[in-house]
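For reference, the chains in residue letters:
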Amino acid sequence: MTESADTLGPLKGAEQAEGQNVMSRFRRALSMEIMVGQAHIFVVLGASGDLAKKKIFPTLWWLYRDDLLPPTTYIVGYARSKLSIPQLKEKVLPFMKVKDDEKEKFEKFFGNVLYVQGAYNEASAFEKLDNSMNSLPGGVQANRLFYLALPPSVFKDVSANIKGACMSKHGWNRIIVEKPFGKDFDSSAELSSHLSSLYTEDQLYRIDHYLGKEMVQNLLVLRFGNRVFGPIWNRDNIASVIVTFKEPFGTQGRGGYFDEFGIIRDVMQNHLLQVLCLVAMEKPATKNANDLRDEKVKVLKSIKPLQLEDAILGQYVGDPKGEGEAKLGYLDDKTVPTGSVTPTFAMAKFNICNERWDGVPFIMKCGKALNERKAEVRIQFKTVPGDIFDEGALRRNEMVIRVQPNESVYLKMMTKSPGVKVEPVSTELDLTYSRRYQGVKMPDAYERLILDVFTGSQMNFVRSDELAEAWRIFTPLLHKIENEKIKPIPYKFGVRGPKEADEFMKKIGYVYDSDYQWTPPKL
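(A) Main features of the overall build of the protein chain. Counting its secondary structure elements, the protein chain contains 14 helices and 15 strands. Its C-alpha atoms give the protein chain a radius of gyration of 25 Å, near enough to 24 Å, the size a compact globule of 523 residues would have. Projected onto its principal axes, the C-alpha positions of the protein chain cover 80 × 65 × 50 Å. Split into buried and exposed, the 523 residues of the protein chain put 52% on the buried side. Within the protein chain, contacts between residues at least 6 apart in sequence are counted, and of these 78% link residues at least 24 apart. Accessible area for the protein chain stands at about 24700 Å²; split by element, carbon and sulfur atoms hold 52% of it. Each charge sign in the protein chain was given a centre, from 72 positive and 67 negative side chains, and these centres are 1 Å apart.

See below:
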């Protein structure tokens, strides 16, 4: 029986109503945490920088616009640059997405913004910041959040000065630390030791924005909210797991900063490793932050340090036939050191040495100047035993969780082709969010995570022992690349990556189906 328009209509309405309830659930969670009438002060350290301009101030505005911030919230920008409030507003306005009917509310939002100019290494400057916060209505008793949108070189000075001069003596204090969390095991351990000497772990929020993305958070529900996946989520049924991050642009103008870290530190060691943990971990006892992070740490402890023979490293070169940026290679960027061997592409294979996963290759792939923008998790299942159809007609099942763009979950499967013959053909069961949840506003990753800090939830933030285990896995390879000047494989701007990467995956056992192409359904 086919569904009529009448049967589809109420369902669509229910979906829209559910979408409207998303923000209501945020508000309820917020009200459970916040004392009625208590002021909150959100301090943006590095307020004149790109991260503050493009992400933090816009996020705070969106939360205010949707009535998700506590009723009395003040925002204080702090930086070395000398700025007036009108100048600060002018810097951030292009990224705020203010509609015509929101201009009055936007002015009210900026009426609660202050700016304090000062150095990062002077205690007297932070005493001035504290005096400015105390002068706000309810400022002495206020809860205080400090977002360190700063280069790592000033982390220590700033965190020490906050502790010495700016902590609330009556409300709670929470510190949001932006990555990078060190450059290797030793530097990360040093930073963690410094922060733990000043703050308790429940005051620290190490932010990785990937943990705030809709489909990354959905991994918990997909895995532990569905009976169908539990029995097959193991080495007996899964052939490989691939976590992919691809960008179609290079580093022109930003290469000097990128070269200091490289693609492994920038993407693989944090974003992709966090996703891998969510795919591989055992079910936690509860949704409690520590229970969840305990299971992630167990996964990391089961992974041996990454070796060079288990990795493919690449660096893009210009395409003479390309246009614009595509003509330029990584080393053509004048901000990149001459002869740099920093990878702009990396693929690595990991084995999780536990009962569930031992022998299943977990592959992480990330790169810049590739052929498309995409982030996804691809779980490939083993070949069906006892093939009764024409040899070679069957393709492996795959479950794909598309993080961006076009958020979706689809299961690649075989079905009978339409017609008189019984012939298998590849298709998919498809849950594409833009189609299934029309009209639903999904919060930005930073919106979710900043709300989590207000409500005191650390579920989507990185704990210190997670960080230590992640660096234990990657530090030996990073040191080998840098100490021995391992030369990456060149690949042309706009391709899938080095051809050696595809050969590497084939050797591992991943079966690529060139005949199948998933196309997001049209509305």
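(B) Focus on the packing of helix H9 (residues 255–280) against helix H13 (residues 464–483). Two elements in contact, H9 and H13, have axes separated by 11 Å at closest approach and are oriented at 145°. Handedness of the H9/H13 crossing: right-handed. Contacts between H9 and H13 involve Ile264, Arg265, Met268, Gln269, Leu273 and Gln274 on the former and, on the latter, Glu466, Leu467, Ala470, Trp471, Phe474, Leu477, Leu478, Ile481 and Glu482. Taken together, the residues that form the contact of H9 with H13 break down as 10 nonpolar, 2 polar and 3 charged.

(C) A look at helix H14 (residues 499–508). Turning to H14, its buried residues number three or more, namely Ala501, Phe504 and Met505. Seen from one end, H14 has its buried residues packed into an arc of 95°, which puts them on one side. Of the exposed residues in H14, those oriented more than 90 degrees away from the buried face are Lys499, Lys506 and Lys507. Next to the buried residues of H14 lie strand S7 (238–246), strand S8 (311–317), strand S9 (345–351) and strand S10 (361–367).

(D) Representation of helix H10 (residues 289–301) in the model. End to end, H10 covers 18 Å across 13 residues, agreeing with the expected 18 Å (1.5 Å per residue, within 8%). When H10 is considered as a whole, its buried residues turn out to be Ala289, Leu292, Arg293, Glu295, Lys296, Val297, Val299 and Leu300. Between the side-chain oxygen at the start of H10 and the backbone nitrogen of Asn290 there is a gap of 2.8 Å, and the oxygen is on Asn288.

(E) Representation of the packing of aromatic side chains in the model. Taken as a whole and assessed by the stated rule, the structure comprises 23 aromatic pairs. Here the aromatic rings of Tyr78 and Tyr120 are separated by 6.0 Å at their centres, their planes lie at 50°, and the arrangement is tilted. One end of the pair, Tyr78, is in strand S2 (residues 73–79); the other, Tyr120, is in the loop between strand S3 (113–117) and helix H5 (123–134), with 42 residues separating them in the sequence. Exposure remark for Tyr78: the relative accessible area of 0% places this residue in the buried category. The interplanar angle of 40° and the centroid separation of 5.0 Å between the aromatic rings of Tyr78 and Phe126 together place this pair among those described as tilted. With Tyr78 in strand S2 and Phe126 in helix H5, this pair connects stretches of sequence that are 48 residues apart. Its relative accessible area of 0% is what places Phe126 among the buried residues. Through a chain of ring-to-ring contacts, the aromatic side chains of Phe258, Tyr316, Tyr330, Phe345, Tyr491 and Phe493 assemble into a single cluster. Across the ring face of Trp172, the terminal group of Arg174 is positioned such that the distance to the ring centre comes to 3.6 Å. The residue whose ring lies beneath Lys183 is Phe261, and the NZ or CZ to ring-centre distance is 5.9 Å.

(F) Examining the sheet that holds S7 more closely. On the basis of which strands lie adjacent, the open sheet formed by 9 strands has the order S14-S13-S12-S11-S7-S10-S9-S8-S15 and mixed pairing. Both outer strands of the open sheet, strand S14 (424–432) and strand S15 (489–492), are each paired with one neighbouring strand and no more. Pairwise comparison of adjacent strand axes, ignoring direction, gives a mean angle of 20° for this sheet. With 6 bridges joining them, strand S11 (residues 374–381) and strand S12 (residues 398–404) adopt antiparallel strand pairing. From the neighbouring strand, Ala375 faces S12, where its bridge partner is Gln404.

(G) Up close: the nonpolar core. Counting 152 residues, the largest nonpolar core has Phe42 and Ile162 as the members making the most contacts within it. Counting residues per element, this core draws most heavily on H9, at 13 residues. Residues within four places of Phe42 in sequence aside, it is in contact with Ile56, Leu60, Tyr74, Ile75, Val76, Leu145, Tyr147, Ile176, Ile450 and Phe454.

(H) Looking closely at unusual backbone geometry. The linkage connecting Gln404 with the following residue, Pro405, adopts the cis geometry, with an omega of -20°. By secondary structure assignment, the location of Pro405 is in the loop between S12 and strand S13 (408–416). One non-glycine residue with positive phi stands out, namely Lys97, at about 55°. Along the polypeptide, Lys97 turns up in the loop between helix H3 (85–92) and helix H4 (103–110). In this structure, Ala369 is a non-glycine residue whose phi angle is positive, near 60°.

(I) Representation of the environment of Trp357 within the structure. Tracing the chain through its elements places Trp357 in the loop between S9 and S10. Using a relative accessible area of 0% as the deciding quantity, one classes Trp357 as buried. Taking the C-alpha atoms as reference, Trp357 lies 30 Å from Phe389; in sequence the two are 32 residues apart. Setting aside residues no more than four positions away along its own chain, Trp357 makes contact with Trp233, Asn234, Arg235, Ile238, Val279, Ala280, Asn351, Ile352 and Phe362.

(J) Here's a closer look at empty space enclosed by the protein. On inspection of all chains with the given rule, the structure shows 3 cavities of 30 Å³ or more. Looking at the largest cavity, its volume works out to about 60 Å³. In terms of lining residues, the largest cavity is bounded by Leu211, Val216, Gln217, Leu220, Leu278, Leu292, Lys296, Met459 and Asn460. Elements that contribute at least two residues to the lining of the largest cavity include exactly helix H8 (214–224) and H10. Broken down by element, the lining of the largest cavity gets its largest block of residues, 3 residues, from H8.

What counts and what doesn't
- Residues numbered from 1 in each chain as written.
- Predicted model: local features only at pLDDT ≥ 70, side-chain atom pairs only at ≥ 80, totals over all residues.
- Heavy atoms only, no water.
- Helix = DSSP H or I, 4+ residues; strand = E, 2+ residues; numbered from the N terminus.
- Rg over C-alpha atoms; globule rule 2.2 N^0.38 Å.
- Buried < 20%, exposed > 50% of the residue type's maximum accessible area, 1.4 Å probe, protein only.
- Contact = heavy atoms within 4.5 Å.
- Areas by Shrake-Rupley, 256 points an atom, 1.4 Å probe, with all protein chains shown as cover.
- Lys, Arg positive; Asp, Glu negative; His and termini not counted.
- Charge placed at Lys NZ, Arg CZ, Asp CG, Glu CD.
- Axes fitted to C-alpha atoms, helices over the stretch in contact; angles between N-to-C directions.
- Left-handed = near helix turned anticlockwise from the far one by under 90°.
- Nonpolar A, V, L, I, M, F, W, Y, C, P; charged D, E, K, R; others polar.
- Arc of directions from axis to C-beta.
- Expected span 1.5 Å × (residues − 1).
- Polar contact = N/O pair within 3.5 Å; in protein donor to acceptor, adjacent residues only side chain to side chain.
- Phe/Tyr/Trp six-rings, centres within 6.5 Å; stacked < 30°, edge-to-face > 60°.
- Lys NZ or Arg CZ within 6 Å of the ring centre and 35° of its normal.
- Pairing = 2+ DSSP bridges.
- Core = buried A, V, L, I, M, F, W, Y, C linked by side-chain atoms within 4.5 Å.
- 1 Å grid on protein atoms, 1.4 Å probe; cavity = no way out; pocket = protein on both sides within 12 Å on 5 of 7 lines; lining within 4 Å.
- Points joined across faces, edges and corners; volume = space filled by probe spheres on them.

Purely spatial values, then, with no claim about function.
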